[in-house]
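Results of the structural survey
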Amino acid sequence: MKLSKKDLLGIRDLTVEEINLILETAESFIEVSTRDIKKVPTLRGKTVINLFLEASTRTRTSFEIAGKRLSADTINISSTTSSIVKGETLIDTARNLEAMNPDVIVIRHSAAGAPQILARIMKQPIINAGDGAHEHPTQALLDLMTIRAKKGKVAGLKVAIVGDIAHSRVARSNIYGLTKMGAHVTVAGPATMMPRYIDRMGVTVCYRLEEAIRDADIIMMLRIQTERQQENLFPSLREYANYFCLNGENIKLAKDDVLVMHPGPINRGVEIAPEIADGPYSVILDQVTNGVAVRMALLYLLTGGK
Amino acid sequence: MDRLLLRGGRIIDPSQNIDGEMDLLIEGGKIAAIGKDIYRSGVDSPKTSVADFKILDLLGMVVAPGLIDMHTHLREPGFEYRETIRTGSEAASHGGFTSVACMPNTRPVNDNRSVTEFIIRRAAECNLVNVYPIAAISRGSKGVTMTEFWDLKNAGAVAFSDDGKPVTNSALMRRALEYASSLDMPIISHCEDVSLSAGGTINEGLVSTELGLAGIPDVAEDVMVARDIIISEFTGTVLHIAHVSTAGAVRLIRDARERGVKVTAETAPHYFSLTDEAVKEFDTNAKVYPPLRSMEDIIAIKEGLRDGTIAAIASDHAPHAITDKEVEFEYAASGIAGLETALALSLKLVTDGILTLNQLIEKMSANPARILHIPKGTLQVGADADITVIDLEKVWTVDPHGLRSKGKNSPFLGWTVKGKAILTIVGGGIKHRET
Ligand SMILES: [Zn+2]
Ligand SMILES: [Zn+2]
């Protein structure tokens, strides 16, 4: 089986079969990362460009390691200034990159839809490594992989996603991915962080942490951007933490074997109390490990996988 | 030979309640006669022979008073790479418009006599359509100090608007409404509460939620429509609301009109032709300001057109260069190059039974003329011979190479539409003829 599209732009475009294919491929790559010599020759001679136009050490590093473990040549292009500021449009950038004949482009951009622009004009496969508040498909895939590894399934699980849903690409991709795979998703957060008609995306909406995590199998806490306070999305970090921080007390509402997830980096004490973040329920480090495997799987599958 | 006989077309002139197959005679740039068999009576007259006429046979065609677009962006001076007065005029005449009123958000802003005069002079050189400048309400459209309304009126401006930006200062809006009304000039309001729309790029709804694009809520428009209506009610003066896009605005305007508030409104074809679903693939050609809304809004706008709440259909022609649009959605310029698709898209309202053909022509000709106080929009004998001849049956495809505007930014590219202006006559002169 193969992926039906040349690019990975979002979870929304994927079928359940394709998600399963990616996860199974990723599971087979996990073993590579445990070897003494963590390298296979799969993508030898291929060039992966990591085009990171928005700062992100974690995701970029994860893609870079994924490429290197497959023996690809990985090239990082990073810039925090937007293309507009530089005076070079994304389309110029794309044409320049295309002229260098890479085999796959990974793009992170602060504007929603930027990977779609590249995908439209470039013949090479494009992997979306996060575009604005739109999608972050590799994060959702690694989250699915983590859940599957720990729970043996996704279907039927009760998942709570808590925090700034409106501005979170992780939330969107996970909503698409989890609902496709048959999980029941509840989103929770202050009403100011809940986008309009989110319920029409097939999720249950609530405004209390306790309500969302009751009997949950999985709790995904999202990162809070402190700048959002300027937009009056919440009155203070203190108030947010008082009412939406996952701690040793409220976590008792969830199932005994609940998994706590976070896309990182964590504001300890804001989204998750330190003892939970570093405690037995937390699978945050598994997420990081699985991230490399998922990205290896995608590089492999999108470059023709031989 | 300056006599032109339009023979046998279906003449529709809502200003005189005319609708029937007739002839129309143009002489000296004016409408000289209208009626059945003018041709024969002309021949019968001892002073006239057939050779004195140029005759156009228009059987099966609709002959209407020249269409007027009361909301066009011509971009010159300042943004000639997007459009010039010449290319905009060409686009207008190809779209069936004989007159356009152009918004002042040029560079420099049309906030003083010299810019107004420049536009009028350049339009006269082009000699294609009548161009009526709309001057800014405030200097630089900065919303602080009023422009010299009187002087601008004398220079040829027909209305005032800071279009592109709302007048956020309520006191300035009040004074502008008062001062303009003493000159018998309309104020055209771009209604937007910028604190509610800030950062947004598309309608706030399911599509913005799915795409992760910051939304512009419909209330950003409604709040400002409500404020402007309240001020207009207080001053008792005329207010015109530009590009209505929401159900809430339609309701507010309807209620106000029922109370006797002197408010008129326009909408644009894209607001009754497309929903925000058009943005789904991050198509920047569907990025407009105000944004495309929901199906409920479309239904309300159609109802507003049907019951007369919305008196005019304007294109809000906003041409852009490809480089303004071929960027990330949130950085892309807003607007549709609408002059050449406006008529066909609006004719759909007739096909769909929302408006009669007479009502549509009224909204695209007589009503804009009345709102702007310009002596157009009629086929009365003695009036300027500004005429649009429409082939209702002509089916055509919107193709960027066929558009005369420099702006090819349209979400309607590739659409097959029905109805086209085949002849545009301005002051008795043929400015566009479909071959
Ligand atoms: Zn406007
Ligand atoms: Zn406008």
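Counting restarts for each chain, with residues numbered from 1 along the sequence as it is written. Just so you know, chain letters begin at A and ligand numbers begin at 1, following the order they were written in. Given that this is a predicted model, residues contribute local features only at a pLDDT of at least 70 and side-chain atom pairs are listed and counted only at 80 or more, while totals for whole chains, interfaces and linings are drawn from all residues. Hydrogens and water molecules were not included; the side-chain quantities draw on all heavy atoms of the structure.

Section: the overall build of chain A
- When helices and strands are tallied, chain A shows eleven helices and nine strands.
- For a compact globule the rule gives 2.2 Å times the number of residues to the power 0.38, and the radius of gyration it is set against comes from C-alpha atoms. The globule rule puts the C-alpha radius of gyration for 306 residues at 19 Å, and the 19 Å found for chain A is close to it.
- Taken along the three principal axes of its C-alpha coordinates, chain A extends 55 × 45 × 35 Å.
- For chain A, the computed accessible surface area is about 12,600 Å², with 50% contributed by carbon and sulfur atoms. Numbering of helices and strands runs from the N terminus; a helix is a DSSP stretch of H or I covering at least four residues, while a strand is a stretch of E covering at least two. Using a 1.4 Å probe, the Shrake-Rupley method yields the accessible areas, and only the shown protein chains count as cover for residues.

Here we look at the confidence of the model for chain B
- Note: pLDDT gives the predictor's confidence per residue, expressed from 0 to 100. For chain B, per-residue confidence averages 96 on the pLDDT scale, and 97% of positions sit at 70 or higher.
- For this predicted complex, the interface confidence reaches an ipTM of 0.94, while the overall pTM sits at 0.95.

Comments concerning the nonpolar core
- We define the nonpolar core as a collection of buried residues of types Ala, Val, Leu, Ile, Met, Phe, Trp, Tyr and Cys that are connected through side-chain atoms lying within 4.5 Å of one another. To sort residues, take the accessible area from a 1.4 Å probe on protein chains only and compare it with the maximum for the residue type: under 20% means buried, over 50% means exposed, and anything in between is partly exposed. Ranked by internal contacts, the top residues of the largest apolar core, which has 88 residues, are F160(B), I187(B), I229(B) and I241(B).
- The contact rule is simple, with two residues in contact once any of their heavy atoms fall within 4.5 Å. Discounting residues that sit within four places of it in the chain, I229(B) has contacts with L239(B), I241(B), L252(B), I253(B), A256(B), R259(B), V261(B) and V263(B).

A few points about the coordination of the zinc ion (ligand 2)
Residue and element names in this part refer to chain B.
- For the zinc ion (ligand 2), the protein coordination sphere consists of H71 (NE2), H73 (NE2), D163 (OD) and D316 (OD), at 2.1 to 2.4 Å.
- Distances define the donors: N, O and S atoms within 2.8 Å of the metal qualify, as do those within 3.2 Å of Na, K or Ca. Water is excluded, so some sites may look unfinished. Any site counts as irregular unless it has four donors with all angles between 85 and 135 degrees, making it tetrahedral, or four or six donors with opposite ones more than 155 degrees apart and the rest between 65 and 115, making it square planar or octahedral. For the zinc ion (ligand 2), the four donor atoms in the first shell make angles of 82 to 166 degrees at the metal, a pattern classed as irregular.
- Spacing between the donor residues of the zinc ion (ligand 2) along the chain follows H-x1-H-x89-D-x152-D.
- Here the zinc ion (ligand 2) and the zinc ion (ligand 1) are spaced 3.6 Å apart, linked through D163, which binds each one. Here H71 is found in strand 6 (residues 67-72), whereas its partner D163 is found in the loop between strand 9 (159-161) and helix 5 (170-182), with 92 residues between them in sequence. Each of the two residues, H71 as well as D163, counts as buried.

Considerations on the sheet that holds strand 1 (residues 47-52) of chain A
Residues and elements named next belong to chain A.
- Spatially, 2-1-3-4 is the arrangement adopted by the four strands of the open sheet, whose pairing is parallel. Since the sheet does not close on itself, it has two edges, and those belong to strand 2 (73-78) and strand 4 (126-131), each with one partner. When strand polarity is set aside, the average angle formed by the axes of neighbouring strands in this sheet is 15 degrees.
- The pairing of strand 3 (residues 104-109) with strand 4 spans four bridges and is classified as parallel. Directly across from H109, in strand 4, lies its bridge partner D131. Here, a strand pair is defined by DSSP locating no fewer than two bridges between the strands. Lines fitted to C-alpha atoms define the axes here, with helix axes fitted over just the stretch in contact, and angles between the N-to-C directions of these axes take values from 0 to 180 degrees.

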